[in-house]
Amino acid sequence: MTLDLLIICAYFCAIFSIGLYVGRRQNSLESYALGNRSMPWWAILASIIAAEISAATFLGTPGEGYALRNFTYVQLGIGTLLGRIIVGKLFLRPYYRYRVVSIYEYLQKRFGVTTRRCASVTFLISRVLASGTRLYIAGILLVIAYAFITGQEGASETETIIIYFVALTLITVATAIYTTLGGLKAVVWTDVLQASILVIAVLTTIVYLLLGIKGDGSWLDAWQSICASVGDRSADPCKVGNLQPWKVFDLGITGQGFVADVKNILGSEYTLWTAFLGSTFLTMATHGTDQDMVQRMLAAKDRQTGTRAVVVSGIMDIPIVIIFLTCGILLYAFHAKTGFFLPEKSSEIFPYFIVHYLPAGIRGLLVAALLATAMGSLSTALNALATTATRDWYRDVFRPKATEQQQLRAVRLLTVAFALLLILVGCATAWYSVKDPSVRIIPIALGIFGYTYGSLLGVFLLGMLTKGRGSDFGNVLAMLAGFAVVILLEVGKHGGWVTGIAFPWRVTIGTLVTFAVGCCFRSPASAAPPSSSDELEHEKVS
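Residues numbered from 1 in each chain as written. Predicted model: local features only at pLDDT ≥ 70, side-chain atom pairs only at ≥ 80, totals over all residues. Heavy atoms only, no water.

Looking at an unreviewed UniProt entry, the protein carries the name Sodium:solute symporter, with the source organism given as Candidatus Akkermansia intestinigallinarum. According to UniProt, the comment filed for the protein under the heading Subcellular location (unreviewed entry) is "Cell membrane". The record held by UniProt for the protein lists under Sequence similarities (unreviewed entry) the comment "Belongs to the sodium:solute symporter (SSF) (TC 2.A.21) family." (UniProt positions renumbered as here; feature names shortened; annotations may be inferred.)

Caption draft 1: Structural detail: the overall build of the protein. Within the protein one finds 19 helices and 0 strands. Counting the 542 residues in the protein, one finds 58% classified as buried. Pairs at least 24 apart in sequence give 85% of the contacts found in the protein among residues at least 6 apart. With the model as given, the accessible surface of the protein reaches about 21,000 Å², and the carbon-plus-sulfur share is 67%. (Helix = DSSP H or I, 4+ residues; strand = E, 2+ residues; numbered from the N terminus. Buried < 20%, exposed > 50% of the residue type's maximum accessible area, 1.4 Å probe, protein only. Contact = heavy atoms within 4.5 Å. Areas by Shrake-Rupley, 256 points an atom, 1.4 Å probe, with all protein chains shown as cover.)

Caption draft 2: Quick peek at the pattern of salt bridges. In total, this model carries 9 salt bridges according to the counting rule given. Two residues, Arg363 and Asp4, come together in a salt bridge whose shortest N-O distance is 2.7 Å. With Arg363 in helix α15 (residues 362-398) and Asp4 in helix α1 (residues 2-22), this residue pair connects regions lying 359 residues apart in the sequence. Summarising the burial analysis for this pair, Arg363 and Asp4 share the class buried. Between Asp292 and Arg127 there is a salt bridge, and its shortest N-O distance comes to 3.6 Å. Taken together, the residues span a long stretch of sequence, with Asp292 in helix α12 (residues 291-297) and Arg127 in helix α7 (residues 113-150) at a distance of 165 residues. Neither residue differs from the other here; Asp292 and Arg127 are each classed as buried. One salt-bridge network, in which partners are shared between bridges, spans Arg116, Asp392, Arg395 and Asp396. (Salt bridge = Lys/Arg side-chain N within 4 Å of Asp/Glu carboxyl O.)

Caption draft 3: Structural detail: the packing of aromatic side chains. A complete count under the given rule lists 15 aromatic pairs for this structure. With 6.3 Å between their ring centres and 75° between their planes, Tyr95 and Tyr106 make a pair best called edge-to-face. Of this pair, Tyr95 sits in helix α5 (residues 76-97) while Tyr106 sits in helix α6 (residues 105-110), and the two are 11 residues apart along the sequence. Tyr106 carries the same exposure label as Tyr95, and that label is buried. Centroid distance Phe473 to Phe521: 6.2 Å. Interplanar angle 80°. Geometry classified as edge-to-face. One end of the pair, Phe473, is in helix α18 (residues 472-495); the other, Phe521, is in the segment after α19 (503-518), with 48 residues separating them in the sequence. What makes Phe473 exposed here is its relative accessible area of 57%. On the accessibility criterion, Phe521 (23% relative accessible area) is partly exposed. An aromatic cluster of at least three residues, connected via ring pairs, comprises Tyr95, Tyr98, Tyr104, Tyr106, Phe123 and Phe460. One Lys or Arg, Arg117, reaches over the ring of Trp393 and ends 5.2 Å from the middle of that ring. (Phe/Tyr/Trp six-rings, centres within 6.5 Å; stacked < 30°, edge-to-face > 60°. Lys NZ or Arg CZ within 6 Å of the ring centre and 35° of its normal.)

Caption draft 4: Structural view of the environment of Leu59. Here Leu59 lies in helix α4 (residues 55-68). Between the C-alpha atom of Leu59 and that of Pro351, which follows or precedes it by 292 residues, the distance is 7.0 Å.

Caption draft 5: Region of interest: helix α11 (residues 272-288). If you check α11, its first and last C-alpha atoms are 22 Å apart, about what 17 residues at 1.5 Å a residue would give, namely 24 Å. Along its length, α11 reaches its greatest deviation from straightness, about 35°, at Gly278. Within α11, 14 of the 17 residues are buried, which leaves it mostly tucked inside the rest of the structure. (Expected span 1.5 Å × (residues − 1). Bend = angle between axes of the 7 residues up to and from the residue.)

Caption draft 6: Region of the structure containing unusual backbone geometry. Of note, the phi angle at Arg99 is positive, near 50°, even though the residue is not glycine. Mapping Arg99 onto the fold places it in the loop between α5 and α6. Residue classification places Arg99 among the partly exposed positions, given a relative accessible area of 42%.

Caption draft 7: Geometry of the packing of α15 against helix α16 (residues 404-435). At their nearest, the axes of α15 and α16 sit 8 Å apart, and the two run at 125° to each other. Classed by the angle they form, the pair α15 and α16 counts as oblique. Judged by the twist between their axes, the crossing of α15 over α16 is right-handed. Of α16, the residues touching α15 (which contributes Leu378, Leu382, Leu385, Ala386, Thr387, Ala389, Thr390, Tyr394 and Arg395) are Gln406, Gln407, Ala410, Val411, Leu414, Thr415, Phe418, Ala419 and Leu422. Tallied by class, the residues present in the contact of α15 with α16 amount to 12 nonpolar, 5 polar and 1 charged. (Axes fitted to C-alpha atoms, helices over the stretch in contact; angles between N-to-C directions. Parallel < 35°, antiparallel > 145°, perpendicular 65-115°, else oblique. Left-handed = near helix turned anticlockwise from the far one by under 90°. Nonpolar A, V, L, I, M, F, W, Y, C, P; charged D, E, K, R; others polar.)

Caption draft 8: Layout of the packing of helix α3 (residues 41-52) against α15. Between α3 and α15, the least distance of the axes is 7 Å, while the angle of their chain directions is 110°. By the angle between their directions, the pair α3 and α15 is classed as roughly perpendicular. Contact residues: Ser47, Ala50 and Ala51 in α3; Thr373, Ser377 and Thr380 in α15. For the contact of α3 with α15, a count of residues per class yields 2 nonpolar, 4 polar and no charged.

Caption draft 9: Structural context of the side chain of Thr380. You can see Thr380 is positioned in helix α15. A polar contact is formed between the side chain of Thr380 and the side chain of Arg296, at a distance of 2.6 Å. Not counting residues up to four positions away in its chain, the partners in contact with Thr380 are Ser47, Ala51, Val187, Asp191, Asp292 and Arg296. (Polar contact = N/O pair within 3.5 Å; in protein donor to acceptor, adjacent residues only side chain to side chain.)

Caption draft 10: A look at the confidence of the model for the protein. Per-residue confidence for the protein gives a mean pLDDT of 79, with 84% of residues at or over 70. Mean pLDDT per element in the protein: helix α2 (residues 29-34) is the minimum at 70, and α6 is the maximum at 93. Confidence drops under pLDDT 50 across residues 232-243; counting only partners more than four residues distant or on other chains, this segment forms 20 contacts. The low-confidence segment residues 532-542 (pLDDT under 50) makes 20 contacts with residues lying over four places distant or belonging to another chain. (pLDDT = per-residue confidence, 0-100.)

Caption draft 11: Just the environment of Tyr21, in detail. Along the chain, Tyr21 turns up in helix α1. Put simply, Tyr21 and Gly182 are 161 residues apart on the chain and 7.9 Å apart in space, counted from C-alpha to C-alpha.

Laid out in structure tokens, this is it:
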């Protein structure tokens, strides 16, 4: 335990030192939000990865591997790569052309101030809810660790919720300190460290699991043990039945007719259809219309550098997901061989294993890695939320004549305010999870975006793909229509009169509805035209 605490303390010392050092001499909102547009592409790449591998991924993806015992989740990586290519080629062009700090400034230039305000509010609400939910996930391991250290394994629901509140507050306060003082530079460079710790920790865990499964036997025995425990224990354990541990692609075909196949595809989270369509739209929304992600790309010196960072992150995302799923599958095989106790709740399986079964040193490294993922995604969310609120509301609505120093002070105060909001959302999610142990992490963390990000993506695509369609009034109606359709489908699922829609499809449906309704309205004559290929010379930022 002493070794674990030393590793965790060393991690905190490192991130605070890096964050405070690189965040010096900030004198404007742009330097705070974009790091003077001078970040190298590989640092932006590491920051994108660190933000994507949130606590939801760190704990949820091994949980998906443990529960599904296959690699079908990897299919979504196809869409994440396609979506990022589109973001780099289509979205970043107008952002760099207009030198925006908040990406919702583009919507004002293209349509008008009302569209910008609606999109900005949509982002702020969605990001608070999504990041607050992910914050709760980070508290799972700390709650289990507290119970392990104190011996209070049978804590009541009320005691568990209180422990969550304390854990989430500590994580958020620590993150808010270096984010508030250091800005985006602190976020990016600490993300580089956090991504490195994460990779080392997970690979170390996989080696430990493989050695545990192997035991005193050969590697062939270990392979057969994995197949026998994960697959159906019949003639061919690696191929028989629904549990196919090496299965990657799923067409979603049921063999019961066209209608049944469509229902199954729309209701399934991991199929090839979802990968090529649902995941692509979801990625365009999260990486092209979300200030949290785009802000990193805008910290590069030019569009080409930002594009390189986001596309390479998509390429690296696939092996990273495979590693996390492998960890979950091996954990199931390890559990089958050793018979050690694991909780029934899938979100607690991996953190319980970390706390109770990993040796000292490796355990501390994993706890530090979880804190790194949680704080990495949390710091960027706080920075993006505060930047958007300052640029879109404080400066342009309440204090249009605010000086750079006043804006810098406002963005730091808003960082603290949003930290408090995220704590409240995280605690509310913890309360819900304690009351309903069957909750799965990945659908919650990603599903929140599905309700609102279709509307966001639809209005951005309307601006970038058309020249004369879309207006301030029409865009508001279009965004409301996209949101309403997704809500109706979700209500219909619970009412039994509409087939269930899996979370990757919500953004696709919301986007198409928003885009279609928006096309019914003409753009004002003064609207800025979409960026075209002959304007590339304007994109490079000196």
